[in-house]
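# Residue-level structural notes
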Amino acid sequence: ITLLFLTLPAQANWVLDNSGSQLAFVSTKAMDVAEVHTFTELSGSVGSDGHARVVIQLASVDTLIPIRDERMREVLFQTELFPTASVDARLDVARLQEMNVSTSEILTTEIVLNLGDSKLPLTAELLVSRIAADRVLVATMKPVVVNAGAVQLADGVEALREIAGLPSISKAVPVTFVLQFVAG
């Protein structure tokens, strides 16, 4: 999760605005039926040291089908054991401090997904836009594809497939996000 610190003081911290943010993922079942799901509760910050973290409340999964939400919480994410996931990044604050309002930049950065007992390094191509003097928007330019097996969710995906009586559920999951951070 890459941010721009822009022309505000170097010691400023940035806080995620959940109401202006969204994290979505696509599941594909029965070979070619794709559905978009979201998490509704996100929090996060970027410190003056360049450490960025976004925390995802896994129980906030929203598939628009309550029984599927419940199954994802219990069977897939095991939210009683692992209530949150997080994404971490380290930023080069100095490089980004001079961005003006109403400008954007494309950045490629390494992120780490922390989910359950797994840490998965990924590369993300992001569009970073300074939308106000105190507000930055960060969005994926391309989906970040997470393989369920790489974060120990393959068994959970298989269990969901069996419960739903489906011929398949893809273990490759495209993830996109739009995040707004406000200078604090």
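Residues numbered from 1 in each chain as written. Predicted model: local features only at pLDDT ≥ 70, side-chain atom pairs only at ≥ 80, totals over all residues. Heavy atoms only, no water.

### Re the packing of aromatic side chains
Describing an aromatic ring pair means giving the distance of the ring centres and the angle of the ring planes. Across all of its chains, the model carries 2 aromatic pairs by this definition. Every member of this aromatic cluster is reached through a ring pair, and the members are F25, F39 and F77. (Phe/Tyr/Trp six-rings, centres within 6.5 Å; stacked < 30°, edge-to-face > 60°.)

### Quick word on the packing of helix α1 (residues 66–76) against helix α3 (residues 154–164)
Interaxial distance between α1 and α3 falls to 9 Å at its minimum, and their mutual angle equals 140°. As summarised for this structure, α1 and α3 are arranged oblique, according to the angle between their axes. α1 and α3 meet at a crossing whose hand is right-handed. Together, R71, M72, V75 and L76 of α1 and G156, V157, A159, L160 and I163 of α3 make up the contact between the two elements. (Axes fitted to C-alpha atoms, helices over the stretch in contact; angles between N-to-C directions. Helix = DSSP H or I, 4+ residues; strand = E, 2+ residues; numbered from the N terminus. Parallel < 35°, antiparallel > 145°, perpendicular 65-115°, else oblique. Left-handed = near helix turned anticlockwise from the far one by under 90°. Contact = heavy atoms within 4.5 Å.)

### Overview of the side chain of S129
With respect to the helices and strands, S129 occurs in strand β9 (residues 118–132). Given a relative accessible area of 9%, S129 falls into the buried group. A distance of 2.6 Å separates the side chain of S129 from the side chain of S104, its partner in a polar contact. Ignoring sequence-local partners within four residues, the contact set of S129 consists of T103, S104, R135, V136 and L137. (Buried < 20%, exposed > 50% of the residue type's maximum accessible area, 1.4 Å probe, protein only. Polar contact = N/O pair within 3.5 Å; in protein donor to acceptor, adjacent residues only side chain to side chain.)

### Examining the pairing of strand β3 (residues 33–39)
Examined bridge by bridge, strand β2 (residues 22–29) and β3 share 7 bridges and lie antiparallel to one another. Bridge pairing in β3 places T28 opposite A34. Linking β2 to β3, which pair antiparallel, is a turn of 3 residues; within it A30 sits at a positive phi near 50°. (Pairing = 2+ DSSP bridges.)

### A look at α1
Every buried residue belonging to α1 is among R68, D69, M72 and L76, and all of these are buried. When α1 is viewed along its axis, its buried side chains cluster within an angular range of 105° and face the same direction. Away from its buried face, by an angle of more than 90 degrees, α1 presents the exposed residues P66 and E74. Where the residues of α1 are buried, they touch β2, β3, β6 (61–62) and α3. Where α1 terminates, the next one or two residues include Q78, which has phi positive at roughly 50°. (Arc of directions from axis to C-beta.)

### With respect to the side chain of H37
Position of H37 among the secondary structure elements: in strand β3. Accessibility expressed as a relative area gives 1% for H37, which makes it buried. Engagement of the side chain of H37 in a polar contact is seen with the side chain of S27, the distance being 2.7 Å. Excluding residues within four positions of it along the chain, H37 makes contact with L23, A24, F25, S27, D62, T63 and R68.

### Comments concerning the pairing of strand β11 (residues 144–147)
For a regular strand, side chains alternate in direction, first toward one face of the sheet and then toward the other. Of the two faces of β11, only one is covered, namely that formed by V144 and V146; the face formed by V145 and N147 stays uncovered. Sheet analysis places β11 next to strand β12 (residues 172–183), joined by 4 bridges and oriented antiparallel. Bridge pairing in β12 links V145 to P174.

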